[in-house]
Amino acid sequence: MKNLQKIYQSIVDSRNSYSKGFLLFFISSVVVYGILVVTPALKHFQVGTFRDLLLLIFSWLFITAISGMIIYIISLNRWVFAFLFPVFVISTGIVSFYVGQYNLVFNSAVVESTLYTNNYEAFSQISFFLLGYISVLLLISSFFVFRRFGLKKPKVDWVSFMIVLLGLLAIFANDKQRVLSTFYYSPYAFFFGIDKSLVADIPSPQKRVDVSAGAVCHSDSLIVVFVAGEAMRADHLSLNGYSRKTFPLMEKENPVSFKRIYSEWSYTIKSLPQIFTRADSVNHWPLVNEKTFISIFNTCGYQSWWIGNQDLNKFLKPLSDECDTVQLFSYTRDGKRYDGNMLPAIRHAVDSDDPKKLIVVHQFGCHWWYPSNCPREFEKFKPVMKTKNISRYDSLKIVNSYDNTACYTDFFLSEIVKMLKDKKAILIYLSDHGELLGEDGKWIHAQQTDFEKNPACIIWFSDEYARRYPEKVKSAQQNKDNHFRTDFLFHSILDAGDICAPVRVDALDLFNQYH
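These lines cover the structure that appears in this document, whether it is placed above or below. This one's a predicted model, so the numbers in the text were calculated from it and none came from an experiment. (Residues numbered from 1 in each chain as written. Predicted model: local features only at pLDDT ≥ 70, side-chain atom pairs only at ≥ 80, totals over all residues. Heavy atoms only, no water.)

## Remarks on the overall build of the protein
1) Next: Within the protein, the secondary structure is distributed over 18 helices and 13 strands.
2) Next: Going through the 515 residues of the protein one by one, you find that 54% of them count as buried.
3) Next: Of the contacts made within the protein by residues no fewer than 6 positions apart, 78% connect residues no fewer than 24 positions apart. (Helix = DSSP H or I, 4+ residues; strand = E, 2+ residues; numbered from the N terminus. Buried < 20%, exposed > 50% of the residue type's maximum accessible area, 1.4 Å probe, protein only. Contact = heavy atoms within 4.5 Å.)

Written as structure tokens, this is what we have:
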């Protein structure tokens, strides 16, 4: 009997020892995850009062506790843990890094921009600091996988398991606007953004309907150049009163600057198709099911070019496909992407024998990462960024680097103007959206804030064009202080090309005097 009691006691002691070992393993993995992954996501949490501090602590504990529930479930099986724990830590860690780096709110706009970005833009977001952070997460997760294999298979407490599982389901099924508002700044932010993106009204590309029926052009020879800018804010143009001389060359050309343009979208895959089509704030479907103004120009006898410095995804390629000639530029061997590389191709299009020409130029412009878009000789404002790590202490360097890309855009546009001066020509520049430069602690774009929704827009007329169409020039000057949505472009560029069409709406035309 005594021997049986000893055997039973040794089993109990073994189980207690194992339980303590598993409990220590579990708690340590959750705490380390909270420190390494949850903490960076709360970097921008504003703490001004003791109540703010308590809320920050509660947020950290709440998100870490949820993470602990997930870790507990996957740790019950060592093989499941070996596969899922590193994936869980690294994927949420990357999201946490960007939430902390840019103070992102992962709404549907950010998710769409992420899912449909091109390789160059994706690589521009990778820094050595991020790679180092991922390496640390990989080492730590590997350590815990090794420790988990050193533990025996635990006896599953089904009551605890069901409580944890039901708790997770209750939290994730609850009203996101209240209970889960903290999660939009957490390592799970991207996944909630996917949820919002899936339920959003996002038309998918489909066969497009031609809307050029009945269009007529009243000019025999004309050059229309449309430059689709990238992330250029109206309030960072010296033409609009900005204190820095970001557009000195274009100022000498006396363009008309429209400083009250509103873009409904703050990311390219939505904003650019809206600019090219009849889509507006009420009806988004023309984004994907109608052809653009390019087809109308083609119908009216224009020869069309698309000269671009950005790769084209499935939302943008249908736009360029309507042009007769498409020429795309890529980054150079040293990883740069200078818009100036497009100038010879633009010159070739301008000098072609075709009497009527539509030249669409798609810039890389002021897109992040700014130093890669601007040659060093245009670094007018210093110091500039040297790394991709954004912090509140580097705001001056970031703004300097951004303003330098504006100066380079000024040079780029002025070079196109030189090509057009002795011709009957018009140049329209409109950026797809603006950019966040530290407002509310946020950076870059696709955040759908007001700071990103005031893109730059300028129009330049050659002397011959102004003599031929004085009423258009006068109307543009009269309308320059009026408020317009980017919806105006489709209708205005048709008028600029002296095209009358049933789909043209005069009320949305910058060159219409009745506003």
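## Notes on the pairing of strand E7 (residues 356-362)
1) Next: Buried residues dominate E7, accounting for seven of its seven residues.
2) Next: Every second residue of E7 is oriented toward a common face, with Lys-356, Leu-358, Val-360 and His-362 on one face and Lys-357, Ile-359 and Val-361 on the other, all of them buried.
3) Next: Pairing of strand E2 (residues 222-229) with E7, which is carried by seven bridges, proceeds in the parallel orientation. Residue pairing for E7: Val-227 is matched across the bridge by Val-361.
4) Next: Examined bridge by bridge, strand E5 (residues 303-308) and E7 share six bridges and lie parallel to one another. The residue of E7 that forms the bridge with Trp-306 is Val-360. (Pairing = 2+ DSSP bridges.)

## Describing the nonpolar core
1) Next: One finds Phe-226, Phe-276 and Phe-293 to be the most contacted residues of the largest nonpolar core, which totals 47 residues.
2) Next: At the level of secondary structure, the elements contributing two or more residues to this core comprise E2, helix H10 (268-276), helix H12 (293-299), E7, strand E8 (425-431), strand E11 (457-461), helix H17 (470-479) and helix H18 (488-496).
3) Next: No other element matches the six residues that H18 contributes to this core.
4) Next: Ranked by size, the runner-up nonpolar core spans 44 residues in total, among them Tyr-242, Phe-329, Ala-406 and Ile-444. (Core = buried A, V, L, I, M, F, W, Y, C linked by side-chain atoms within 4.5 Å.)

## Observations regarding helix H14 (residues 343-350)
1) Next: Taken residue by residue, H14 has Leu-343, Ala-345, Ile-346, Ala-349 and Val-350 as its buried positions. One face of H14 carries all of its buried residues, which in axial projection span an arc of 160°. Exposed side of H14, more than 90 degrees from the buried face: Pro-344 and His-348 are the residues found there.
2) Next: In this structure, the buried residues of H14 make contact with E2, E5, strand E6 (325-328), E7 and helix H15 (395-420). (Arc of directions from axis to C-beta.)

## Some points on the sheet that holds strand E3 (residues 256-257)
1) Next: Across the sheet, which stays open at both edges, the seven strands sit in the order E3-E11-E8-E2-E7-E5-E6 with mixed pairing between neighbours. This sheet does not close on itself; its edge strands, each paired only once, are E3 and E6.
2) Next: Packing against the sheet, H18 makes contact with E2, E7, E8 and E11, and its axis sits at approximately 170° to E8. (Axes fitted to C-alpha atoms, helices over the stretch in contact; angles between N-to-C directions.)

## Structural notes on a nonpolar patch on the surface
1) Next: Taken together, the side chains of Phe-50, Leu-53, Leu-54, Ile-57 and Leu-61 make up a nonpolar region of the molecular surface, amounting to roughly 470 Å² of accessible area.
2) Next: Tracing the chain through its elements places Leu-61 in helix H2 (residues 50-74). (Patch = residues over 30% accessible without salt bridge, like charges linked within 9 Å, V, L, I, M, F, W, Y side chains within 5 Å. Areas by Shrake-Rupley, 256 points an atom, 1.4 Å probe, with all protein chains shown as cover. Salt bridge = Lys/Arg side-chain N within 4 Å of Asp/Glu carboxyl O.)

## What to know about unusual backbone geometry
Glycine aside, residues mostly have negative phi angles, and peptide bonds mostly take the trans form.
1) Next: In this structure, Trp-369 follows Trp-368 across a cis peptide bond, with omega equal to 0°.
2) Next: Note that Trp-369 resides in the loop between E7 and H15.
3) Next: Although it is not a glycine, Ala-231 sits at a positive phi angle of roughly 60°.
4) Next: Mapped onto the fold, Ala-231 is located in the loop between E2 and helix H9 (248-251).
5) Next: In this structure Ala-231 comes out as buried when scored by relative accessible area, which is 0%.
6) Next: The phi torsion at Asn-254 lies on the positive side, around 55°, for a residue other than glycine.
7) Next: Note on placement: Asn-254 falls in the loop between H9 and E3.

## Digging into a positive patch on the surface
1) Next: Positive charge collects at one region of the surface, where Arg-376, Lys-382, Lys-386 and Lys-397 lie side by side.
2) Next: Among the structural elements, Lys-382 can be located in the loop between E7 and H15.
3) Next: Here Lys-382 falls in the exposed class, since its relative accessible area comes to 59%. (Lys, Arg positive; Asp, Glu negative; His and termini not counted. Charge placed at Lys NZ, Arg CZ, Asp CG, Glu CD.)

## Examining H17
1) Next: Taken together, the buried positions of H17 are occupied by Lys-472, Val-473, Ser-475, Ala-476 and Asn-479. Axial view of H17: buried residues confined to an arc of 165°, hence all on one face.
2) Next: Taken together, the buried residues of H17 touch E3, E11, helix H16 (463-468), strand E12 (484-485) and H18.

## Considerations on the packing of aromatic side chains
1) Next: Counted under the stated rule, the structure contains 29 aromatic pairs.
2) Next: Following the ring pairs from residue to residue traces out a cluster consisting of Phe-22, Phe-25, Phe-81, Phe-85, Phe-143 and Phe-144.
3) Next: Taking the ring centre of Phe-381 as reference, the NZ or CZ of Arg-244 above it sits at 4.4 Å. (Phe/Tyr/Trp six-rings, centres within 6.5 Å; stacked < 30°, edge-to-face > 60°. Lys NZ or Arg CZ within 6 Å of the ring centre and 35° of its normal.)

## Considerations on the state of the cysteines
Each disulfide consists of a covalent bond between the sulfur atoms of two cysteine residues.
1) Next: One pass over the full model with this rule turns up zero disulfides.
2) Next: The cysteine Cys-366 is free of any disulfide, with Cys-374 supplying the nearest cysteine sulfur at 9.3 Å.
3) Next: The exposure class assigned to Cys-366 is buried, which follows from its relative accessible area of 0%. (Disulfide = S-S within 2.5 Å.)

## Section: the packing of H14 against H15
1) Next: Taken N-terminus to C-terminus, the directions of H14 and H15 make an angle of 25°; their axes are 10 Å apart at the nearest point. In terms of axis orientation, H14 runs roughly parallel to H15. For the pair H14 and H15, the sense of crossing is right-handed. Contact residues: H14 offers Leu-343, Ile-346, Arg-347 and Val-350, while H15 offers Phe-411, Phe-412, Glu-415, Ile-416, Met-419 and Leu-420.
2) Next: Of the residues belonging to the contact of H14 with H15, the class tally is eight nonpolar, no polar and two charged. (Parallel < 35°, antiparallel > 145°, perpendicular 65-115°, else oblique. Left-handed = near helix turned anticlockwise from the far one by under 90°. Nonpolar A, V, L, I, M, F, W, Y, C, P; charged D, E, K, R; others polar.)

## Re the side chain of Gln-310
1) Next: Within the secondary structure, Gln-310 sits in the loop between E5 and helix H13 (317-320).
2) Next: Given the relative accessible area of 3%, Gln-310 is considered buried.
3) Next: Side-chain polar atoms of Gln-310 contact the side chain of His-362, separated by 3.5 Å. (Polar contact = N/O pair within 3.5 Å; in protein donor to acceptor, adjacent residues only side chain to side chain.)

## Re the pattern of salt bridges
1) Next: Counted by the stated rule, this structure contains 12 salt bridges.
2) Next: Of the charged contacts in the structure, one is a salt bridge between Lys-421 and Glu-253, with a shortest N-O distance of 3.1 Å. Here Lys-421 is found in the loop between H15 and E8, whereas its partner Glu-253 is found in the loop between H9 and E3, with 168 residues between them in sequence.
3) Next: Its salt-bridge partner being Asp-495, residue Arg-504 comes within 3.8 Å of it at the nearest N-O pair.

Any functional reading would require information beyond the geometric quantities listed.
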